Structure formats: structure tokens, C-alpha cells
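Okay, here's what each chain looks like letter by letter:
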Amino acid sequence: MIYFDNAATTGKKPESVIKAVEHALRFYSVNPGRGGYERSQQCAEMVFECRKKVCGIFNCEREDLVVFTKNCTEAINIVLKGVLNTNDHVITSSMEHNAVARPLYKLASSGVEVDYAEVIFGDMDATVRSFERLIKSNTKLIICTHASNVTGEIMPIAALGKLCRENNILFAVDAAQTAGIVPIDMINMNIDYLCVASHKGLYAPM
């Protein structure tokens, strides 16, 4: 069988992942850091090492800024509902996944202003200008996908991050399709919130 649904999840996990999961189930099925016994401390150390590796992959500033959630959709919801308040303005792109589009639709009913920047396929500069034209005095956040799961279009997140930094706007990136595939540097790209789906390009379990 030829598997073409990696945009949903990577179908065949590497043998190293399978062995790591088996090892974790055998030796780390305890609460990390919740007890004074050796196994709990070992588990806590393993979790911290995982945070360090995540920081290394994405150039995240500190290990304590890494948050593990159930999935990318939950991570996006935590960002949107944790950052945006009534009368705040948010800009997103015209090709967002429902993980972004649906929470924003709900937030709009509670007084959050939402604008959609047109993505100009094949012209990244024009796409950045689409976002720039929508900036207001109350713009608090720009959130966009890094790459569309439908079209494959890759967004100019480095340029959008620079735009956000110049205008004192928070920047969130949905990297469900690109984490582990396309290089992402949170510091140099001025990314405040990076949401990833580790079961895709990072080959983790579902």
C-alpha cells in the first residue's frame, strides 16, 4: 500500500518510535515529579529532556515555555481563548484550518474583531501586505497556518513575524503541517506561540 494521508497523520511510525513508546509504557508509567521515589524522579527528568529537545528543534527560548497539550487544535484554542478579549482585534489568513477558523468565529460573537488577510498564491510580499493593510490600533494577535493542508501553500512566517514585532503584535503559527519538515526558528522568526501536531512530521504517536 502507498500511503498519501500524511497531512492527517504520519501512517507508519519509525521503529525507534515504537520501541520508545514500549519502553515508556514499561518503565515510565508513573506521575513525573509527583513523588519522591526514584521512578517518579526519572520520569520527570525524561519529560524535561523532551522539553530541551523541543527547544533545540524550534529554537525556543526556555524549556519552561514548552507546553504539552492533547493535540494542535487544543493548543490553538488555548492561545486564542487565552490571549484575546472583547474589543481585541485579530488577523488571520484566508486559508486557515478549522482549528483556527472555528474558534475565531465563536470569539467574534463575543466581541473580538476578526479580519481575514487574502493569501496571494506565489507572491509572499503581496500576502504580507494583505496582513499589513488590516492592522489597527487594537490589533493584538496575528495567527496563521505555516502551510495549508489543502493547497500546500507555505506562508511567509518570517516576514509576518517581523511585521508583528515592528507593530508590537503577538504572533501565533499553526505549524501542524510543517513542524519537523520545514525549519522553524521561534526567536529569529519572532514567533510567540508555535502550535504543532507532533504525530505528523515529528513521527510521534497519535
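Residues numbered from 1 in each chain as written. Predicted model: local features only at pLDDT ≥ 70, side-chain atom pairs only at ≥ 80, totals over all residues. Heavy atoms only, no water.

**Some points on the side chain of threonine 139**
Residue placement: threonine 139 occurs in strand β3 (residues 139-145). The class of threonine 139 is buried, set by a relative accessible area of 7%. At 2.6 Å, the side chain of threonine 139 forms a polar contact with the side chain of histidine 89. Reaching out from threonine 139, the side chain makes a polar contact with the backbone nitrogen of lysine 136 at a distance of 2.7 Å. Those residues within four positions of threonine 139 in sequence are excluded, and the remaining contacts are His89, Ile91, Leu134 and Ile169. (Helix = DSSP H or I, 4+ residues; strand = E, 2+ residues; numbered from the N terminus. Buried < 20%, exposed > 50% of the residue type's maximum accessible area, 1.4 Å probe, protein only. Polar contact = N/O pair within 3.5 Å; in protein donor to acceptor, adjacent residues only side chain to side chain. Contact = heavy atoms within 4.5 Å.)

**Details of the packing of helix α5 (residues 124-133) against helix α6 (residues 157-166)**
Contact geometry of α5 with α6 gives a least axis separation of 10 Å together with a crossing angle of 25 degrees. With respect to α6, the axis of α5 lies roughly parallel. Seen along the crossing, α5 lies across α6 with a hand that is right-handed. Contact residues: Val128, Phe131 and Glu132 in α5; Ala159, Leu160 and Leu163 in α6. (Axes fitted to C-alpha atoms, helices over the stretch in contact; angles between N-to-C directions. Parallel < 35°, antiparallel > 145°, perpendicular 65-115°, else oblique. Left-handed = near helix turned anticlockwise from the far one by under 90°.)

**Some details on the pairing of β3**
The buried fraction of β3 amounts to six of the seven residues, a majority that puts the element mostly inside the structure. Pairing geometry for strand β1 (residues 89-93) and β3, over three bridges, is parallel. Looking across to β3, one finds that valine 90 is bridged to leucine 141. Sheet analysis places β3 next to strand β4 (residues 170-174), joined by five bridges and oriented parallel. Residue pairing in the sheet places leucine 141 in a bridge with leucine 170 of β4. Note that the unit made of β3, α6 and β4 has a crossover that is right-handed. (Pairing = 2+ DSSP bridges. Right-handed = clockwise from strand over helix to strand, strands pointing away.)

**What about the layout of surface pockets?**
To find leftover empty space, one rolls a probe the size of a water molecule over the atoms. Roughly 1900 Å³ of internal volume is contained in the largest pocket. Lining the largest pocket are 49 residues, with Cys50, Val54, Val66, Val67 and Phe68 sitting closest to its centre. The set of elements that each furnish at least two residues to the lining of the largest pocket consists of α1 (15-27), α2 (38-58), α3 (72-83) and β5 (193-195). Quantified by volume, the second largest pocket comes out at close to 220 Å³. What lines the second largest pocket is a set of 18 residues, among which His97, Asp174, Ala176, Gln177 and Lys200 lie closest to the centre. In the lining of the second largest pocket, the residues fall into seven nonpolar, eight polar and three charged. (1 Å grid on protein atoms, 1.4 Å probe; cavity = no way out; pocket = protein on both sides within 12 Å on 5 of 7 lines; lining within 4 Å. Points joined across faces, edges and corners; volume = space filled by probe spheres on them. Nonpolar A, V, L, I, M, F, W, Y, C, P; charged D, E, K, R; others polar.)

**As for the pattern of salt bridges**
Across all of its chains, the model carries nine salt bridges by this definition. Of the charged contacts in the structure, one is a salt bridge between arginine 62 and aspartate 64, with a shortest N-O distance of 2.8 Å. On the basis of relative accessibility, which here comes to 39%, the residue arginine 62 falls in the partly exposed class. For the salt bridge of arginine 165 with aspartate 192, the shortest nitrogen-to-oxygen distance reads 3.9 Å. (Salt bridge = Lys/Arg side-chain N within 4 Å of Asp/Glu carboxyl O.)

**Observations regarding the packing of α3 against helix α4 (residues 98-108)**
In the contact formed by α3 and α4, the axes pass within 9 Å of each other and the chain directions differ by 30 degrees. Judged by the angle between their axes, α3 and α4 are roughly parallel. Of the two elements, α3 crosses α4, and the hand of that crossing is right-handed. For the pair α3 and α4, the contacting residues are Thr73, Ile76, Asn77, Leu80 and Lys81 in the first and Ala99, Val100, Pro103, Leu104 and Leu107 in the second. Here the contact of α3 with α4 is built from residues that sort into seven nonpolar, two polar and one charged.

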